[in-house]
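# Working through the structure, step by step
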Amino acid sequence: IEVPFLQGAYSLDVVLTSFDPPLVIEAEGSSHFYRRARRFTATSRLKHRLLTEGPHGYTLLHIPHWEWRQIPQADGMSGHVAYLRRRIAETTGQRLDGSSVCRPESRVDPVNVPCAAGVVAAAGGLTTD
């Protein structure tokens, strides 16, 4: 699913409007990174800035190609679904059902722990610097 952004100057891979602010999920292929590095290109960093700052203010979830490719394929897509659920919870502080997740204060899995009022997970993802 690609969604046009800034009058078609960019396309967004997935936009989940059920979150406030809306969550943009970007599948970050190798062209988004400098060669043989895990640093975003200047063009990708600009797109990220335009998405998250100013009037749009989207929440941005990066799915880097090397993480996606490392997910075992044995159970079909179940590993990929679990990965996406975990990353969404880490990034937004909410599960897909709308419930909150806790900030990981220790080695506890924040996706499976009930949350104290007002405590949410820290944003995850890659650095854009």
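Above this text is the structure in question.
Residues numbered from 1 in each chain as written. Predicted model: local features only at pLDDT ≥ 70, side-chain atom pairs only at ≥ 80, totals over all residues. Heavy atoms only, no water.

### Describing a nonpolar patch on the surface
A contiguous nonpolar surface patch, about 210 Å² in accessible area, is contributed by Leu6, Leu46 and Leu50. Turning to its location among the elements, Leu46 is positioned in helix H1 (residues 42-52). (Patch = residues over 30% accessible without salt bridge, like charges linked within 9 Å, V, L, I, M, F, W, Y side chains within 5 Å. Areas by Shrake-Rupley, 256 points an atom, 1.4 Å probe, with all protein chains shown as cover. Salt bridge = Lys/Arg side-chain N within 4 Å of Asp/Glu carboxyl O. Helix = DSSP H or I, 4+ residues; strand = E, 2+ residues; numbered from the N terminus.)

### Some words on the sheet that holds strand E4 (residues 23-28)
The strand order E3-E4-E5 describes an open sheet built from three strands, whose pairing is mixed. Strands with a single pairing partner mark the edges of an open sheet, and in this sheet they are strand E3 (14-16) and strand E5 (59-64). For this sheet, the mean angle separating the axes of adjacent strands, direction not counted, is 20°. Of the strand pairs in this sheet, E4 and E5 are connected by six bridges, and their pairing is parallel. Counted as the bridge partner of Glu26 is His62 from E5. Along the sheet, H1 makes contact with E4 and E5, crossing E5 at roughly 150°. (Pairing = 2+ DSSP bridges. Axes fitted to C-alpha atoms, helices over the stretch in contact; angles between N-to-C directions. Contact = heavy atoms within 4.5 Å.)

### Observations regarding the nonpolar core
Ranked by size, the top nonpolar core spans eight residues in total: Phe19, Leu23, Ile25, Leu61, Ile63, Ile71, Tyr83 and Ile88. Where this core is concerned, the elements lending two or more residues are E4, E5 and helix H3 (78-92). If we ignore the near neighbours within four places in the chain, the residues touching Tyr83 are Ile63, Pro64, Glu67, Trp68 and Ile71. Judged by nonpolar contacts, the second largest core, of six residues, contains Phe5, Tyr10, Leu51 and Leu60. (Core = buried A, V, L, I, M, F, W, Y, C linked by side-chain atoms within 4.5 Å. Buried < 20%, exposed > 50% of the residue type's maximum accessible area, 1.4 Å probe, protein only.)

### Remarks on the packing of aromatic side chains
One pass over the structure, following the stated rule, counts four aromatic pairs. Arranged with centres 4.7 Å apart and planes meeting at 25°, the rings of Phe33 and Phe40 form a pair that is stacked. Given the relative accessible area of 5%, Phe33 is considered buried. Here Phe40 falls in the buried class, since its relative accessible area comes to 0%. Counting every residue linked through ring pairs, the aromatic cluster contains Phe33, Phe40 and Trp66. (Phe/Tyr/Trp six-rings, centres within 6.5 Å; stacked < 30°, edge-to-face > 60°.)

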